[in-house]
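Each chain is listed here by its residues.
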Amino acid sequence: MRGAYPHARTSTVDERDIAAVAALALTHPQHRGKTYLLTGERSLSQPEKVAALGTALDWTLSFVEAAPDEIRRGMLAAGLPGEIPDRLLGSLADYAREAGPTTDTVRRLLGRPARTYATWAQDHRAVFTAGGPR
């Protein structure tokens, strides 16, 4: 898998954890007016995420660093509006200098750990395997 900024570290949050926290916040008045930063509980680099995805899929995957401009051109060619690659690559550049935030907010609010990236990858296996390895 090609990408920029291999040393960028982020704590990806599972969309199901976001939904569970949103449901809690919308149905319990003590959360009214509060803002929560939601992240996963473990910071991972781009190559670590690719490895976790490969493990979940039983595929051999590796991360290949590419220049940010090359990745941006690919995103634009795929039809993304210009501000999306700019924001994503800008964030990755920032997180290559200093890791993105990691919180225990999901655990505190839901009383259980946030799902891991490896769990997310395994649970979404069918989405990635529909066409088989390339």
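See the structure printed just above.
Overview of the structure. Since this is a predicted model, take the numbers as computed values, not measurements. (Residues numbered from 1 in each chain as written. Predicted model: local features only at pLDDT ≥ 70, side-chain atom pairs only at ≥ 80, totals over all residues. Heavy atoms only, no water.)

Section: the side chain of S43
So, point 1. The residue S43 is located in the loop between α1 (15-27) and β3 (44-45) in this model.
So, point 2. The contacts of S43, once residues within four sequence positions are left out, are R9, T10, S11, E48, A99 and T102. (Helix = DSSP H or I, 4+ residues; strand = E, 2+ residues; numbered from the N terminus. Contact = heavy atoms within 4.5 Å.)

Regarding a nonpolar patch on the surface
So, point 1. On the surface, a nonpolar cluster with roughly 220 Å² of combined accessible area is contributed by L80, I84 and L88.
So, point 2. Here L88 is to be found in helix α4 (residues 83-97).
So, point 3. For L88, a relative accessible area of 41% gives the class partly exposed. (Patch = residues over 30% accessible without salt bridge, like charges linked within 9 Å, V, L, I, M, F, W, Y side chains within 5 Å. Areas by Shrake-Rupley, 256 points an atom, 1.4 Å probe, with all protein chains shown as cover. Salt bridge = Lys/Arg side-chain N within 4 Å of Asp/Glu carboxyl O. Buried < 20%, exposed > 50% of the residue type's maximum accessible area, 1.4 Å probe, protein only.)

Observations concerning the packing of aromatic side chains
So, point 1. Going through the model one piece at a time under the given rule, you end up with two aromatic pairs.
So, point 2. Taken together, a centroid distance of 5.9 Å and an interplanar angle of 75° make the contact between W120 and F128 edge-to-face.
So, point 3. Taking relative accessible area as the criterion, F128 reaches 31% and is therefore assigned partly exposed.
So, point 4. A connected cluster of aromatic rings, assembled from ring pairs, spans Y117, W120 and F128.
So, point 5. One cation-aromatic arrangement involves K49 over Y117; the distance from NZ or CZ to the ring centre is 5.9 Å. (Phe/Tyr/Trp six-rings, centres within 6.5 Å; stacked < 30°, edge-to-face > 60°. Lys NZ or Arg CZ within 6 Å of the ring centre and 35° of its normal.)

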